[in-house]
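Breakdown of the fold
If you want the building blocks of each chain, they are given just below.
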Amino acid sequence: MAESLEPGQSPGLLLWRATLSWQRGITATLKPLGLTHVQFVLLVSAWWLTQVAGEEPSQRRIAEHANTDAMMTSQVIRTLADKGLLLRSTNPDDARAHVIEVTEEGVELAVRAVRVVEEADRLFFEAAGDQSALMAVLNALNQ
């Protein structure tokens, strides 16, 4: 039987540990803004799709953009709407679909949150050194 890798030699375990460490940092960064990590991802996805890409996204489109589960996305978008950050309206062309808009408060929070998360990312990932090499690896892993 082949011997297994030592924990420090296992790329999967190292990626798992790095991911958990990064997630803890992002969670702490977002806590003062009153957002969970998934709320941040979905709020910013809705903001980016509406404000930057000029779309009128459905919940499904936001889930696709964020690569999140559709049911969970629906629940979190409902929570963000309850917080006054998003508006959900029925799509006139498809009564089963919801069109999502970002409120003024949601835009302000999304922009603030992006700034603090980008700074947290910068601090976390500076340990990796060459950022272009890091981005190339991360992009390759997301294929």
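Below you will find a few notes about this structure. (Residues numbered from 1 in each chain as written. Predicted model: local features only at pLDDT ≥ 70, side-chain atom pairs only at ≥ 80, totals over all residues. Heavy atoms only, no water.)

Right, let's get into the overall build of the protein chain. Check the secondary structure of the protein chain and you find six helices and two strands. Start at the N end of the protein chain and walk to the C end: the helices and strands fall as α-α-α-α-β-β-α-α. Dimensions along the principal axes, computed over C-alpha positions, put the protein chain at roughly 60 × 35 × 25 Å. For the protein chain, the proportion of its 143 residues judged to be buried stands at 29%. Taking as baseline every contact in the protein chain between residues at least 6 positions apart, the subset at least 24 positions apart corresponds to 50%. Roughly 9500 Å² of accessible area belongs to the protein chain as shown, and the carbon and sulfur atoms make up 55% of that amount. Counting 12 positive and 18 negative side-chain charges, the protein chain places the averaged centre of each group 6 Å from the other. (Helix = DSSP H or I, 4+ residues; strand = E, 2+ residues; numbered from the N terminus. Buried < 20%, exposed > 50% of the residue type's maximum accessible area, 1.4 Å probe, protein only. Contact = heavy atoms within 4.5 Å. Areas by Shrake-Rupley, 256 points an atom, 1.4 Å probe, with all protein chains shown as cover. Lys, Arg positive; Asp, Glu negative; His and termini not counted. Charge placed at Lys NZ, Arg CZ, Asp CG, Glu CD.)

Sheet topology note: the strand β1 (residues 86-91)/strand β2 (residues 94-102) ladder contains six bridges and is antiparallel. Within the sheet, the bridge partner assigned to L86 lies in β2 and is V102. Counting the residues between successive antiparallel strands, the hairpin from β1 to β2 contains two residues. (Pairing = 2+ DSSP bridges.)

Examined against the element boundaries, S58 turns out to sit in the loop between α2 (37-52) and α3 (59-66). In this structure the side chain of S58 is engaged in a polar contact, spanning 3.0 Å, whose partner is the backbone nitrogen of R61. Among residues more than four places away in sequence, those in contact with S58 are H98, V99 and I100. (Polar contact = N/O pair within 3.5 Å; in protein donor to acceptor, adjacent residues only side chain to side chain.)

Residues L30, L35, F40, L43, I62, L80 and L86 are the most contacted members of the largest nonpolar core, which totals 26 residues. Elements with a minimum of two residues in this core: α1 (11-30), α2, α3, α4 (70-82), β2 and α5 (104-125). (Core = buried A, V, L, I, M, F, W, Y, C linked by side-chain atoms within 4.5 Å.)

This part takes up the packing of aromatic side chains. Within this structure, the stated rule accounts for one aromatic pair. Each ring, one from F124 and one from F125, has its centre 4.9 Å from the other, and the planes form 85 degrees; the classification is edge-to-face. A relative accessible area of 23% means that F125 is categorised as partly exposed. (Phe/Tyr/Trp six-rings, centres within 6.5 Å; stacked < 30°, edge-to-face > 60°.)

All right, on to unusual backbone geometry then. Look at N67: it is not a glycine, yet its phi comes out positive at around 60 degrees. For N67, the location among the structural elements is in the loop between α3 and α4. You can call N67 exposed: its relative accessible area is 73%.

Before going further, it helps to spend a moment on the pattern of salt bridges. If you walk through the whole model with that rule in mind, you get four salt bridges. Salt-bridge contacts for D94 lead to R96; the nearest nitrogen and oxygen are separated by 3.2 Å. Judged by its relative accessible area of 73%, R96 falls in the exposed class. Of the charged contacts, one joins E126 and R122 as a salt bridge, the two residues approaching to 3.5 Å between their closest N and O atoms. The network of salt bridges with shared partners includes E119, R122 and E126. (Salt bridge = Lys/Arg side-chain N within 4 Å of Asp/Glu carboxyl O.)

This part is about the environment of T68. Structurally, the position occupied by T68 is in the loop between α3 and α4. For the pair formed by T68 and L42, sequence separation is 26 residues and the distance between their alpha carbons is 8.7 Å. Setting aside anything within four residues of it in sequence, one finds T68 in contact with L42, A63 and T73.

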